[in-house]
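Listed here are the chains, written in short residue letters.
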Amino acid sequence: MIRRIFAVFMVMAVGLYSSDLMAQTPVKIMPLGDSITRGVRGSVPVGGYRDDLDSLLTNAGVNFDFVGSLQDGDATRFDVDHEG
């Protein structure tokens, strides 16, 4: 539940830049945090709030790319890059 609320909050925050969201160049988003960003090993899927945020942004038609030097999660389900 907290993951879903956080993901919705992030979508609303990204919505502040809505004029650029449908552009051909992806909006770069760096997910930051700790276990809520990385996810907890053993949970399915591993990915914290990022899997929910990816789904919400994709369903809204937002062209985005998560960026960061870390990768956790199932790359076939959502963008796994993050920095936290």
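Residues numbered from 1 in each chain as written. Predicted model: local features only at pLDDT ≥ 70, side-chain atom pairs only at ≥ 80, totals over all residues. Heavy atoms only, no water.

Trainee: Help me get a handle on the overall build of the protein chain, residues and values and all.
Mentor: Assigned secondary structure in the protein chain consists of four helices and four strands. In the protein chain, the order of α-helices and β-strands from amino to carboxyl end is α-α-β-α-α-β-β-β. A total of 84 residues make up the protein chain; the buried ones form 35% of that total. Taking as baseline every contact in the protein chain between residues at least 6 positions apart, the subset at least 24 positions apart corresponds to 56%. (Helix = DSSP H or I, 4+ residues; strand = E, 2+ residues; numbered from the N terminus. Buried < 20%, exposed > 50% of the residue type's maximum accessible area, 1.4 Å probe, protein only. Contact = heavy atoms within 4.5 Å.)

Trainee: Tell me about the environment of Gly 47, residues and numbers included.
Mentor: In this structure, Gly 47 sits in the loop between helix 3 (35–38) and helix 4 (50–59). Each C-alpha atom of the pair Gly 47 and Phe 78 lies 8.6 Å from the other, and the pair is 31 residues apart in sequence. Setting aside residues no more than four positions away along its own chain, Gly 47 makes contact with Thr 37, Arg 38, Gly 39 and Phe 78.

Trainee: Give a detailed account of the packing of aromatic side chains, specifying residues and quantitative values.
Mentor: This model, assessed by the stated rule, comprises one aromatic pair. Taken together, a centroid distance of 5.2 Å and an interplanar angle of 50° make the contact between Phe 64 and Phe 66 tilted. Considered together, Phe 64 and Phe 66 belong to a single accessibility category, that of buried residues. (Phe/Tyr/Trp six-rings, centres within 6.5 Å; stacked < 30°, edge-to-face > 60°.)

Trainee: Describe the nonpolar core, with residues and values.
Mentor: Counting seven residues, the largest nonpolar core is built from Ile 29, Tyr 49, Leu 53, Leu 57, Val 62, Phe 64 and Phe 66. Of all the secondary structure elements, the ones that give two or more residues to this core are helix 4 and strand 2 (64–66). (Core = buried A, V, L, I, M, F, W, Y, C linked by side-chain atoms within 4.5 Å.)

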